[in-house]
Amino acid sequence: MDKIELSSVAKGSLEELTSDKGASSTELEKLLKKLLGEIKEQSLVEKNEDLENLPIDNYDFSFDEVDENTSSFAFAKGMDLRVYAQNIENELQEIERDHESDYVNQTRNFVELHNQVQSCDEILAKMEDMLSVFQMDLGNISSEIETLQEQSLTMNIKFKNRTAVEKQLSQVLDEVIISPSMIKKITEGDVDDAWLAYLIELNKKMIYIKTNQDKNIKAIKDVGPELEKLRLKATEKIREFLLTKIKSLRIPNTNVQMMQQSVLLKYKKLYQFVMDRYGEVAFEIRQTYVNTMKWYFFNHFDRYNQGLQRLQNPIADKYDMIGYDESSKKGGLFGTSKIALQDKVNIFALGDRIKTLYDQDAGVILVHIAENNNQKYTFEAIFRSFNLTLIDNASSEYFFDVEFLSKDDDPALEVARDCFAEIFDSTIKLGLATLKQYVDSSFDALGILLCIRLNTQFAEELQRRRVPALESYTNQIRMLLWPRFQAIMDMHVESVKKARSKFVTKDAHPHYITRRYGEFAASILTLNEEYSDPILINSLSRLRSEVTLMLNKMSGGFDDRKSRLIFLINNYDLIITFLAEIGGKAVDSEIAHFKELLNSKVGGFVEEELEPYFGGLIAFVKMAQEAKDINELDPEMFERVSADFSATWRQSITSINSSVIQNFSNFKNGTAVLHAVLGQLIIYYTNFHNCLEMRMKDGTLRVRQQPVGVQAVMVEIKRFRSNF
């Protein structure tokens, strides 16, 4: 504590000297020495006091060790210990004086340092004052900022509140205020695009008023009656406008679809307005449109149907059955047929009638052009033309009904379907009645089946167009056509059954019933190529069985088996020819069935044809094949068979060739039969040669005449194979 106080005194004295600008450096040095002396003495006193106050027990040292170390150092230098201690004392004093002198020499620097420290203290004091003021200013600014923040928050809340109020008030004003121009246009103006725009705006105002009518807003209550007046006036204008446009559809040569697209759909918002605001008027407009379009379509389709019926070409009557005798249906003075022969087409062959089904590019029949060109059409062509026209018009009308009668968020499909059904009810009944009239009197199975396939195409097209409204129509057509087709097929089967007991023929060429069946079966299978209807396959199978039985029965009228076989081969071949002409998987099973029958009959004919010319050879070969030992056979038989064959084989082959040419006029069939006959002859003669060689091995048989070689026979046969 004394040291601190002394330093404070010295500092005070030093400050006094430095503050006295007249003090000399000598005085400063004296004063410094005095201070240093005092400090030295004070330091010594303090050191002694500190040593006295220190507890000796706290220090553990040994004087023996000091004496020993000091003595060792002194003895090492050869010095007396007293002298060595005095030297150390002198060195310490000298060092102390050097430090004191150095300190005194640095007195001026200390004074300057003190002055600088003092200047810094003054500057720092000023800065402290400035920072204090700045801190006070910052405190004031922070308070002001907080105040501004509070004011800003308050103003923001007020702004939001006023904006919300303004928005609500603006909406109320926009929806409540009715401009004079709107009133004038709706009440006095004509219905046009501008009128429609005002109507849409009026409808929005009415929706808003109705939504907010429970709110206690005086403006809404005041404007309600005015909007009601405008609603009544707008409804009156809309009713007059739409009814006028709808009635204009009755004007002859009016393009209905153009009117629908350019007028009615353009102003569909008008109908939606009355549908929402005045249901009775909307019903009146809709019913007027339905009645108008119902009259329009029925009137046009009725005229079109009558024109098509005038173009129909008669096809068949009840006498045009597969099993009926051609002589019974010839026209003439006493003929029974109601259809002139020159007006009829072949009802058993499909021919160009298939184009009606697959020619997608063919347009509908234009009655006036066809009448001018004196053209006639089969019923399936008329059926296609009528229904294609109906489908196109019905599709267009259905899409219009859905779009016109629907709201933006509600398709109203049920309403559209009801309107569509009412519009086309009489037209559909007309089409069904016309079809039923034809079907009930038709005996044309191919025409009925073509209509069935066309109806399937119509149903698929309606599905592709997504027009379900005519689904019941196509179903009713199918229910009319299929039973009649089955009934006509039954008539054909029954006619063949009756023909079995009537016809007796002596002509081995194909019968006309066979030709009819071949053409008819090929046509039916062609129309079944992509469908594979089991009902159709079953009916054709029944007819095939009856035709097969009839041919077998008719073949019994021939006196010999060969003629019977020729008759059956020619008839089976004709059927196969008709079936093969159309090709395809549909006829494969039918061709396979008749080929099996044909091959069995050809095999029998081969034996019958060879028997008159090579009977002995055939009998000998069969006997040799049945014999247990060929050596048991009579050698004379070998000689006789060989001689007979050598004498007549060329002439016999020529006769066989002539017989086949005469009996089988079909080149392909005759070639196959001739090949079969000559091939079987080679087999028999080869077997005979084999038997002869086996018999001649033992040397007991000697043939007087060399038999004809098999190779020579084959060369001759090749010459005849090219005759067909």
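Residues numbered from 1 in each chain as written. Predicted model: local features only at pLDDT ≥ 70, side-chain atom pairs only at ≥ 80, totals over all residues. Heavy atoms only, no water.

Trainee: Go over the overall build of the protein chain, please, and point to the residues and values.
Mentor: Of regular secondary structure, the protein chain possesses 24 helices and zero strands. Expressed as a percentage of the 724 residues in the protein chain, the buried residues total 39%. Residue pairs at least 24 apart in sequence account for 79% of intrachain contacts in the protein chain once pairs closer than 6 positions are excluded. Accessible surface, the protein chain as shown: approximately 42600 Å² in total, 53% of it carbon and sulfur. (Helix = DSSP H or I, 4+ residues; strand = E, 2+ residues; numbered from the N terminus. Buried < 20%, exposed > 50% of the residue type's maximum accessible area, 1.4 Å probe, protein only. Contact = heavy atoms within 4.5 Å. Areas by Shrake-Rupley, 256 points an atom, 1.4 Å probe, with all protein chains shown as cover.)

Trainee: Tell me what's going on with the environment of Leu462, and back it up with residues and numbers.
Mentor: Position of Leu462 among the secondary structure elements: in helix H16 (residues 445–465). Considered as a pair, Leu462 and Thr474 are 12 residues apart in the sequence and their alpha carbons are 9.6 Å apart. Aside from chain neighbours lying at most four places away, what touches Leu462 is Ile391, Ser395, Val467, Leu470 and Thr474.

Trainee: Could you give an account of the layout of surface pockets, with specific residues and numbers?
Mentor: Computed from the structure, the largest pocket encloses a volume of approximately 460 Å³. When contributions to the lining of the largest pocket are tallied by element, the ones reaching two or more residues are helix H9 (256–264), helix H11 (279–310) and helix H14 (379–405). For the lining of the largest pocket, the element with the most residues is H11, which contributes six residues. Here the lining of the largest pocket is composed, by residue class, of seven nonpolar, seven polar and two charged. (1 Å grid on protein atoms, 1.4 Å probe; cavity = no way out; pocket = protein on both sides within 12 Å on 5 of 7 lines; lining within 4 Å. Points joined across faces, edges and corners; volume = space filled by probe spheres on them. Nonpolar A, V, L, I, M, F, W, Y, C, P; charged D, E, K, R; others polar.)

Trainee: Could you give an account of the side chain of Asn528, naming the residues involved and the relevant values?
Mentor: Structurally, Asn528 is set in the loop between helix H18 (512–527) and helix H19 (534–555). Look at Asn528 and you get buried, because its relative accessible area is 3%. When neighbours within four sequence positions are excluded, Asn528 is seen to be in contact with Arg453, Asp533, Leu536 and Ile537.

Trainee: Describe the pattern of salt bridges, with residues and values.
Mentor: Oppositely charged side chains are able to pair whenever their charged atoms sit close together. Following the criterion strictly, the structure yields 21 salt bridges and no others. Through salt bridges with shared partners, one network takes in Asp392, Glu461, Arg464 and Arg465. (Salt bridge = Lys/Arg side-chain N within 4 Å of Asp/Glu carboxyl O.)

Trainee: Hey, could you go over the nonpolar core for me, with residue numbers and the actual values?
Mentor: In a soluble, globular protein the nonpolar side chains are often hidden away together inside. Core analysis: the biggest nonpolar cluster contains 171 residues, and Leu270, Phe485 and Leu617 have the highest contact counts within it. If you tally residues by element for this core, the top one is helix H21 (residues 588–626), at 14 residues. (Core = buried A, V, L, I, M, F, W, Y, C linked by side-chain atoms within 4.5 Å.)

Trainee: Would you mind going over empty space enclosed by the protein in detail, with residue names and values included?
Mentor: Counted according to the given criterion, the structure contains three cavities of 30 Å³ or more. Contributing to the lining of the largest cavity are Asn305, Gln309, Phe379, Ile382, Phe383, Phe386, Asn387, Gly431, Thr434, Leu435 and Tyr473. Elements that contribute at least two residues to the lining of the largest cavity include exactly H11, H14 and helix H15 (413–441). Per element, the largest residue contribution to the lining of the largest cavity is five residues, and it comes from H14.

Trainee: Could you give an account of the confidence of the model for the protein chain, naming the residues involved and the relevant values?
Mentor: Segments scoring low in pLDDT should not have their predicted coordinates read at a detailed level. Confidence in the prediction of the protein chain, expressed as mean pLDDT, is 82, and 82% of residues score 70 or more. The least confident element of the protein chain, judged by mean pLDDT, is helix H1 (residues 2–19) at 44; the most confident is H16 at 94. (pLDDT = per-residue confidence, 0-100.)

Trainee: Describe the packing of aromatic side chains, listing the residues and the values that go with them.
Mentor: According to the stated counting rule, one finds 28 aromatic pairs in the structure shown. For the ring pair Tyr398 and Phe420, a centre distance of 5.8 Å and an interplane angle of 90° mean the geometry is edge-to-face. Of this pair, Tyr398 sits in helix H14 while Phe420 sits in helix H15, and the two are 22 residues apart along the sequence. Neither Tyr398 nor Phe420 differs from the other in exposure class; each is buried. In textbook terms, an aromatic cluster arises when at least three aromatic residues are bridged by ring pairs, as seen for Phe614, Phe620, Phe638, Phe645, Trp649, Tyr685 and Phe688. Here the guanidinium or amino end of Arg484 rests over the ring plane of Phe443, the centre of that ring lying 5.2 Å away. (Phe/Tyr/Trp six-rings, centres within 6.5 Å; stacked < 30°, edge-to-face > 60°. Lys NZ or Arg CZ within 6 Å of the ring centre and 35° of its normal.)

Trainee: Can you explain the packing of helix H17 (residues 471–502) against H19? Please cite residues and give values.
Mentor: Closest axis-to-axis distance for the H17/H19 pair is 9 Å, and the angle between their directions is 10°. As summarised for this structure, H17 and H19 are arranged roughly parallel, according to the angle between their axes. Only Ile535, Leu536, Ser539, Leu540, Arg542, Leu543, Glu546, Val547, Leu549, Met550 and Lys553 of H19 make contact with H17, whose side of the interface consists of Phe485, Gln486, Met489, Asp490, His492, Val493, Val496, Lys497, Ala499 and Arg500. Looking at the contact of H17 with H19, its residues break down into 12 nonpolar, three polar and six charged. (Axes fitted to C-alpha atoms, helices over the stretch in contact; angles between N-to-C directions. Parallel < 35°, antiparallel > 145°, perpendicular 65-115°, else oblique.)

Trainee: I'd like a description of the side chain of Thr474, backed by residues and values.
Mentor: Assignment of secondary structure puts Thr474 in helix H17. Side-chain polar atoms of Thr474 contact the backbone oxygen of Glu471, separated by 2.8 Å. Contacts of Thr474, omitting those with residues within four sequence positions, involve Asn455, Ala459 and Leu462. (Polar contact = N/O pair within 3.5 Å; in protein donor to acceptor, adjacent residues only side chain to side chain.)

Trainee: So what about a nonpolar patch on the surface? Which residues, and what values?
Mentor: A cluster of nonpolar side chains, Tyr103, Phe110, Leu113 and Val117, forms an exposed patch at the surface whose accessible area comes to about 350 Å². Broken down by element, the nonpolar patch gets its largest block of residues, three residues, from helix H5 (residues 107–176). In this fold, Tyr103 is placed in helix H4 (residues 81–105). (Patch = residues over 30% accessible without salt bridge, like charges linked within 9 Å, V, L, I, M, F, W, Y side chains within 5 Å.)

Trainee: I'd like to hear about unusual backbone geometry, residue by residue, with values.
Mentor: With a phi angle near 65°, Asn253 is a residue other than glycine that sits in the positive phi range. Mapped onto the elements, Asn253 comes out in the loop between helix H8 (218–247) and H9. Look at Asn253 and you get exposed, because its relative accessible area is 83%. In this structure, Asn374 is a non-glycine residue whose phi angle is positive, near 55°.

Trainee: Requested: an account of a negative patch on the surface, with residues and values cited.
Mentor: Taken together, the side chains of Glu91, Glu94, Asp98 and Asp102 present a region of like negative charge at the surface. Note that Asp98 resides in helix H4. (Lys, Arg positive; Asp, Glu negative; His and termini not counted. Charge placed at Lys NZ, Arg CZ, Asp CG, Glu CD.)

Trainee: Tell me about the environment of Arg640, and please be specific about residues and values.
Mentor: Tracing the backbone through its elements, the reader meets Arg640 in helix H22 (residues 635–663). For the pair Arg640 and Leu617, spaced 23 residues apart in the sequence, the C-alpha separation amounts to 9.6 Å.

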